[in-house]
Amino acid sequence: MIRQAQKSDIPAVSALAAQLFQTAPEVLAEEFEELLDAPYGAIYLCGIDGRTVGFAQCQLRRDYVEGAEHSPTGYLEGIFVLPAYRRRGIARELLAACQQWAKAKGCKEFASDCELENSASLAFHLKAGFSEANRIICFIKPL
């Protein structure tokens, strides 16, 4: 079952997101607390038999979004399903919930990204109807 996350879901979402983002759950919990209070973002969960098995985080982006022609643009910030629950359509349902949320917020486009070497994410995005907008390599150096 897909539903929008509430504050009481933050520990479960943070535990899942920690696996995706390789960040401490406590750090993510603070970010999710702020996000759930804001009108510019949402988190959707999938629960099966009382267990949270997947999440998707979406937000509105008003800054430049690669390939987008409209602002704001809905943006998939992260999506994750526990390995034992993959290949059941859960990620597709979570994505659909995020897209519906963005459309209700007035968005005409929905965007996402993935690392160049993440072939599983690339395959998911293409299968979900996204088209590749660009490939870039980002650089940084200390000053």
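Calculation rules
- Residues numbered from 1 in each chain as written.
- Predicted model: local features only at pLDDT ≥ 70, side-chain atom pairs only at ≥ 80, totals over all residues.
- Heavy atoms only, no water.
- Helix = DSSP H or I, 4+ residues; strand = E, 2+ residues; numbered from the N terminus.
- Buried < 20%, exposed > 50% of the residue type's maximum accessible area, 1.4 Å probe, protein only.
- Contact = heavy atoms within 4.5 Å.
- Areas by Shrake-Rupley, 256 points an atom, 1.4 Å probe, with all protein chains shown as cover.
- Lys, Arg positive; Asp, Glu negative; His and termini not counted.
- Charge placed at Lys NZ, Arg CZ, Asp CG, Glu CD.
- Phe/Tyr/Trp six-rings, centres within 6.5 Å; stacked < 30°, edge-to-face > 60°.
- Polar contact = N/O pair within 3.5 Å; in protein donor to acceptor, adjacent residues only side chain to side chain.
- Axes fitted to C-alpha atoms, helices over the stretch in contact; angles between N-to-C directions.
- Parallel < 35°, antiparallel > 145°, perpendicular 65-115°, else oblique.
- Left-handed = near helix turned anticlockwise from the far one by under 90°.
- Nonpolar A, V, L, I, M, F, W, Y, C, P; charged D, E, K, R; others polar.
- Expected span 1.5 Å × (residues − 1).

*Asks:* I would appreciate a short explanation of the overall build of the chain in the present structure.
*Replies:* The helix and strand inventory of the chain stands at four helices and five strands. Projected onto its principal axes, the C-alpha positions of the chain cover 40 × 40 × 30 Å. The 143 residues of the chain split such that 36% are buried. When contacts within the chain are restricted to residue pairs at least 6 apart in sequence, long-range pairs at least 24 apart make up 56% of them. For the chain, the exposed area adds up to about 9100 Å²; of that, 52% sits on carbon and sulfur atoms. Between the averaged position of the 15 positive side-chain charges in the chain and that of its 18 negative side-chain charges there is a distance of 7 Å.

*Asks:* Sorry, what's going on with the packing of aromatic side chains here?
*Replies:* Ring pairs (aromatic) are described by centroid distance and by the angle formed between their planes. Inspection of the entire model under this criterion finds two aromatic pairs. Between the aromatic rings of F32 and F55, the centroid separation amounts to 6.4 Å while the plane-to-plane angle is 65 degrees, which identifies the pairing as edge-to-face. You can see F32 sitting in helix α2 (residues 25-37) and its partner F55 sitting in strand β3 (residues 51-61), a full 23 residues away along the chain. For the pair formed by F32 and F55, the shared burial category is buried. Taking 6.3 Å as the distance between ring centres and 45 degrees as the angle between the ring planes, the aromatic pair formed by F110 and F130 counts as tilted. Here F110 is found in strand β5 (residues 110-111), whereas its partner F130 is found in the segment after α4 (119-127), with 20 residues between them in sequence.

*Asks:* Help me understand the side chain of T73, please; the structure alone is not making it clear to me.
*Replies:* Summarising the element assignment, T73 is placed in strand β4 (residues 73-81). Of the polar contacts made by the side chain of T73, one reaches the backbone oxygen of H70; its length is 2.7 Å. The contacts of T73, once residues within four sequence positions are left out, are Q59, L60, R61, V65, A68, C107, E109, F110 and A111.

*Asks:* How should I be thinking about the packing of helix α1 (residues 10-21) against α2 in this particular structure?
*Replies:* The relative placement of two packed helices is expressed as an angle between their axes plus a distance between the axes. Where α1 contacts α2, the axes come no closer than 8 Å and their chain directions differ by 120 degrees. With respect to α2, the element α1 is oriented oblique. Crossing handedness for the pair α1 and α2: right-handed. Every residue of α2 that contacts α1 at I10, V13, S14, A17, A18 and F21 is listed here: P25, L28, A29, F32, E33 and L36. A class-by-class count of the residues in the contact of α1 with α2 yields ten nonpolar, one polar and one charged.

*Asks:* For this particular structure, what's the right way to read α1?
*Replies:* Note that an α-helix has 3.6 residues per turn; residues three or four places apart therefore point the same way. In this model, α1 (twelve residues) spans 15 Å end to end at C-alpha, consistent with the 16 Å of a helix rising 1.5 Å per residue. Residues I10, V13, S14, L16, A17 and A18 constitute the buried set of α1. In the core, the buried residues of α1 are packed alongside α2, β2 (41-48), β3 and β4. Looking at the residues trailing α1, positive phi occurs at Q22, about 55 degrees.

*Asks:* Would you mind showing me how to read the environment of Y85 here?
*Replies:* Tracing the backbone shows Y85 in the loop between β4 and α3 (90-104). Residue classification places Y85 among the buried positions, given a relative accessible area of 16%. Among all residues touching Y85, those that are not within four sequence positions of it are I48, R51, V53 and I90.

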